[in-house]
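Listed here are the chains, written in short residue letters.
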Amino acid sequence: MTTKRSTRSGSIESNYIPSSGLAMRHETKGTLLVREPTTVFNIFLTVLLFACRKYLFFSTHKRLFVYLILLVASVVGDFIRFPKIYFANSDTFLNQYLVKLGWFWTVLWTLSFLITTSKVFCLNSRPSIIVHATRLVVATFFWYFWTNAFNRLEDYYGKCSAGRGLTRLACKSAGHVWKSFDISGHVFILIYSTLVMISEARPIVGWDKIQDVLRNEENARKEGKSVATTFSSLKENQLQEMKAVYKKMTPYVQVLFIVITVFVAIWELMLITTMMYFHTMPEKLLAGIVAMSTWFVTYMVWYSSSFLPPLPGDGFFKYQALQKSEVGI
């Protein structure tokens, strides 16, 4: 093929471009996948998710240390009465419909988040998703065990102001006061729920990078390159299935993560209120230690071992691997 263009002197200059080369350009142009353009909404969502991550994934060890300091410092409330505020009222909406149903909300949001993320991490394998869900079964068992243990201890070691012959229910029904060492169930459930929700939300740490690795893997296959990525072992149909599931689940994952962050903020607000206005310091401190110890034994010791269930995010690939420089391939 011959083309002509004019030079400054007015002469015509001819260039020859092989037709095969031109055809090759048309075939290869636009075949590689690129990142989708960013919209204003995406920028806002990115900033919001970043703020949620910064708050939710504040150092866990530091968070536990702050809890312990606040629990010990709550001894001030045993001698000094703090001014009453809205959250100090046990009949508020937050206390009646959120805290008292705290474990229901914790399981609802964490289970929803677990299922949506596991569909990607476990290649939509239902048995693997069920195995991941057993973590919440274990957590529910410990929640039920400890809250019932606290109530039994209160019943066993307590006594009525009118005499020892009455049970706690009969004592309170008669208008008397039941005196006992009342381990704070509120402190336990608020701290334990917060730690469980934070742990189960961890898979979002590398979530955004999944699309980059998927795109790099597809581009490598189109160019015929042999590049080792997280998804190199996937067959073509599996790769496309993961791409479709990831795209479908991402909006749900983002919304659920924001909801989890909001509830963690509510739990910590109500925890501070409980520390200021309810129970004695030893009752709150013991409840907090039980909650933190139960979380540590399960998530930091048990799930980190080779025994089932696995850690949040474990599956065909681990979300921690996406924090490395693999995206730059």
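Just so we're clear, the structure is a prediction, and the values are computed from it rather than from any experiment.

**Describing the confidence of the model for the chain**
Here the chain averages 81 in pLDDT, and 82% of its residues register 70 or above. Mean pLDDT across the elements of the chain bottoms out in helix 1 (residues 19-28) (41) and peaks in helix 8 (residues 185-200) (95). Residue range residues 1-30 is modelled with pLDDT below 50. Its contacts to residues more than four positions away, or to other chains, number 20 contacts. Low pLDDT (under 50) marks residues 325-329, which in the prediction has 14 contacts with non-local residues, meaning those over four places away or in another chain.

**Quick notes on the pattern of salt bridges**
Inspection of every chain in the model, using the stated rule, returns 5 salt bridges. One salt bridge connects D212 with R215, and the closest N-O pair in it is separated by 2.9 Å. Here D212 pairs with R215, and both are found in helix 9 (residues 207-222), just 3 residues apart, close to one helical turn. R215 matches D212 in its accessibility class, with the two residues each being buried. For R221, the salt bridge goes to E236, with nearest N and O atoms at 3.1 Å. You can see R221 sitting in helix 9 and its partner E236 sitting in helix 10 (residues 236-277), a full 15 residues away along the chain. Of the residues examined, R221 reaches a relative accessible area of 27% and is grouped as partly exposed. Exposure remark for E236: the relative accessible area of 42% places this residue in the partly exposed category.

**Here we look at the packing of aromatic side chains**
Within the structure shown, the criterion is met by 18 aromatic pairs. A centroid spacing of 5.7 Å and a plane angle of 85° characterise the contact between F150 and F188, whose relative ring orientation is edge-to-face. Placement of F150 in helix 6 (residues 126-157) and of F188 in helix 8 is noted, with a sequence separation of 38 residues between them. For F150, a relative accessible area of 4% gives the class buried. Through a chain of ring-to-ring contacts, three or more aromatic side chains come together here, namely W103, F141, F142, W143, F145, W146, F150, F188 and Y192.

**Structural notes on helix 5 (residues 102-121)**
In a regular helix each residue adds 1.5 Å, so 20 residues correspond to 28 Å; helix 5 covers 28 Å between its end C-alpha atoms and thus fits that length. Its buried side turned inward, helix 5 meets helix 4 (93-99), helix 6, helix 8, helix 9 and helix 10.

Rules behind the numbers
- Within every chain, residues take consecutive numbers counted from 1 along the sequence as written.
- pLDDT decides what is reported in this predicted model: residues at 70 or higher carry local features, side-chain atom pairs at 80 or more are listed and counted, and totals for whole chains, interfaces and linings draw on all residues regardless.
- Excluded from the side-chain calculations are hydrogens and water; all other atoms, namely the structure's heavy atoms, are used.
- Every residue carries a pLDDT, the predictor's confidence in it, which falls somewhere between 0 and 100.
- In DSSP terms, a helix is any run of H or I states spanning at least four residues, a strand is any run of E spanning at least two, and both are numbered starting from the N terminus.
- The criterion used for residue contact is that any of the two residues' heavy atoms lie within 4.5 Å.
- For this analysis, a salt bridge means a side-chain nitrogen from Lys or Arg found within 4 Å of a carboxyl oxygen belonging to Asp or Glu.
- Exposure is judged per residue with a 1.4 Å probe applied to protein chains only, and the accessible area is read against the type maximum: over 50% gives exposed, under 20% gives buried, and values in between give partly exposed.
- Aromatic pairing here means that ring centres of Phe, Tyr or Trp (its six-membered ring) are within 6.5 Å. Orientation follows from the plane angle: under 30 degrees is stacked, over 60 is edge-to-face, and everything else is tilted.
- A helix is expected to reach a length of 1.5 Å times the quantity of its residues less one.

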